[in-house]
Amino acid sequence: MAGFLTAGIVQTALEIGLIYSLVALSLFISFSILDICDLSTDGCYTLGCAAAAVITVAGHPILAIFAAVGAGICSGFVTAILQTRFGVPSILAGIIVNTGLYTVNLAVMGFSSNVAIFNKDTIFTMFAGLSGSEFWQEWSPLFLILIISCAIALILWWFMGTTLGLAIRATGDSPAMVRSSSINPAGMIIVGLCLGNALTGLAGALTAQYNKSCDINLGTGMVTIALASLIIGETLFGKRVMLRRIIGVLAGACLYRFIISLALRLNVPTEAFKLVSALIVAVAIAAPRAKELIVYSQKKRAAMKLRRSQAGREAAGHAEDHRDI
């Protein structure tokens, strides 16, 4: 097993998984908290990646991160406005924005299908430059991504406990109740989607500087990956305690990436990865129900066994009574 999963494979799985966890946290806000299906994730992820790549090539790697976050906020704002002001259903609004973002992303990339970052500083090279040791050079990307993802998770946990965060959570539970409390549900949806898409843009920026490239099709299927990570985390860590839910999202993204790494080691063709992702989502969704069915079946068998045992004792008692007579 040690030869099957090398340190390099584990490191890469953790790095990519933690980047994916930011997109999963975005879906956590829109899907789990607000109960909105935001399908603009694929285009928003590519938008963050494209914006960061272009600005990094221009020599501003730190500014690129903030620009990608800002681009994600703009994407979330448009999606939210379509829903709240123009009455477009959430699924359709996400599809419209995702379709439009394809052209926007091409424009950001100078109407080129890819952008390469050559001989330019990134936040990863800047962080690696803090020390010259071989160990630091090898593991610094993981440390940086871990710091960023954990910081985002803690900030999100704190935010969800604030008045605004509680209002957003209440909006997802009962918009009518929120409206009766003199809180504008539309405003909460706008804030929630802007926050979620900001995390998606940040994930795209980290991916651009991590891979030192950006491709127009990079975000394809990202919503499936994020949904799989989210559901895996909720299945393993539950849905009650907010901090556990957020930690579960991070763990679910890393576990998802480990599964993909195992598929790579088993020589599964890359063309089948979408099928693998779909199967992971299906299994994760079905797991809680399957567990309930198994528990119910066990209880049913135990009840039948108990009834048979009682019937056997009653029959033995009747036979004893007849012998006494």
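Residues numbered from 1 in each chain as written. Predicted model: local features only at pLDDT ≥ 70, side-chain atom pairs only at ≥ 80, totals over all residues. Heavy atoms only, no water.

**Here we look at the overall build of the chain**
Item 1. Scanning the chain from terminus to terminus reveals twelve helices and two strands.
Item 2. Taken against the 2.2 N^0.38 rule, which gives 20 Å for 325 residues, the C-alpha radius of gyration of the chain at 25 Å runs more than 25% over that of a compact globule.
Item 3. Within the chain, buried positions represent 44% of all 325 residues.
Item 4. Contacts in the chain between residues at least 24 apart in sequence constitute 77% of all its contacts with a sequence separation of at least 6.
Item 5. Accessible surface for the chain amounts to roughly 16600 Å². Of this, 67% is attributable to carbon and sulfur atoms.
Item 6. Averaging the positions of the 22 positive and the 16 negative side-chain charges in the chain gives two centres separated by 5 Å. (Helix = DSSP H or I, 4+ residues; strand = E, 2+ residues; numbered from the N terminus. Rg over C-alpha atoms; globule rule 2.2 N^0.38 Å. Buried < 20%, exposed > 50% of the residue type's maximum accessible area, 1.4 Å probe, protein only. Contact = heavy atoms within 4.5 Å. Areas by Shrake-Rupley, 256 points an atom, 1.4 Å probe, with all protein chains shown as cover. Lys, Arg positive; Asp, Glu negative; His and termini not counted. Charge placed at Lys NZ, Arg CZ, Asp CG, Glu CD.)

**Some details on a nonpolar patch on the surface**
Item 1. Taken together, the side chains of Ile62, Leu63, Phe66 and Met126 make up a nonpolar region of the molecular surface, amounting to roughly 420 Å² of accessible area.
Item 2. Element by element, the count of residues in the nonpolar patch is highest for helix H3 (residues 61–84), at three residues.
Item 3. Within the secondary structure layout, methionine 126 lies in helix H5 (residues 123–128).
Item 4. Looking at methionine 126, the relative accessible area reads 38%, which means it is partly exposed. (Patch = residues over 30% accessible without salt bridge, like charges linked within 9 Å, V, L, I, M, F, W, Y side chains within 5 Å. Salt bridge = Lys/Arg side-chain N within 4 Å of Asp/Glu carboxyl O.)

**Looking at the domain arrangement of the chain**
Item 1. Taken domain by domain, the chain holds domain 1 (7–267) and domain 2 (271–325).
Item 2. Spacing between the C-alpha centres of domain 1 and domain 2 amounts to 42 Å.
Item 3. The interface is formed by 13 residues belonging to domain 1 together with ten residues belonging to domain 2.
Item 4. In this assembly, domain 1 packs against domain 2 so that about 910 Å² is buried in total across both faces, 84% of it on carbon and sulfur atoms. (Domains from an automatic or database assignment. Buried area = accessible area lost by both parts, 1.4 Å probe.)

**Overview of the nonpolar core**
Item 1. Judged by nonpolar contacts, the single largest core of 77 residues is most densely connected at Leu25, Phe28 and Leu206.
Item 2. In terms of residue count, the dominant contributor to this core is helix H1 (residues 7–33) (twelve residues).
Item 3. Of the residues that make up this core, three or more belong to each of domain 1 (7–267) and domain 2 (271–325).
Item 4. Aside from chain neighbours lying at most four places away, what touches phenylalanine 28 is Ile33, Leu156, Leu230, Glu234, Met242, Arg245, Ile246 and Val249. (Core = buried A, V, L, I, M, F, W, Y, C linked by side-chain atoms within 4.5 Å.)

**Describing the pattern of salt bridges**
Item 1. Within this structure, the stated rule accounts for two salt bridges.
Item 2. The shortest N-O distance in the salt bridge between glutamate 234 and lysine 239 comes to 3.9 Å.
Item 3. A relative accessible area of 12% means that glutamate 234 is categorised as buried.
Item 4. Two residues, glutamate 234 and arginine 245, come together in a salt bridge whose shortest N-O distance is 4.0 Å. One end of the pair, glutamate 234, is in helix H10 (residues 222–237); the other, arginine 245, is in helix H11 (residues 242–265), with eleven residues separating them in the sequence. Each of the two residues, glutamate 234 as well as arginine 245, counts as buried.
Item 5. In this structure, a network of salt bridges that share partners links the residues Glu234, Lys239 and Arg245.

**Section: the environment of leucine 255**
Item 1. You can see leucine 255 is positioned in helix H11.
Item 2. According to the relative accessible area criterion, leucine 255 is partly exposed, its value standing at 34%.
Item 3. Separated by 57 residues in the primary sequence, leucine 255 and alanine 198 place their C-alpha atoms 23 Å from one another.
Item 4. When residues no more than four places from it in sequence are discounted, the contact partners of leucine 255 are Ile232 and Leu236.

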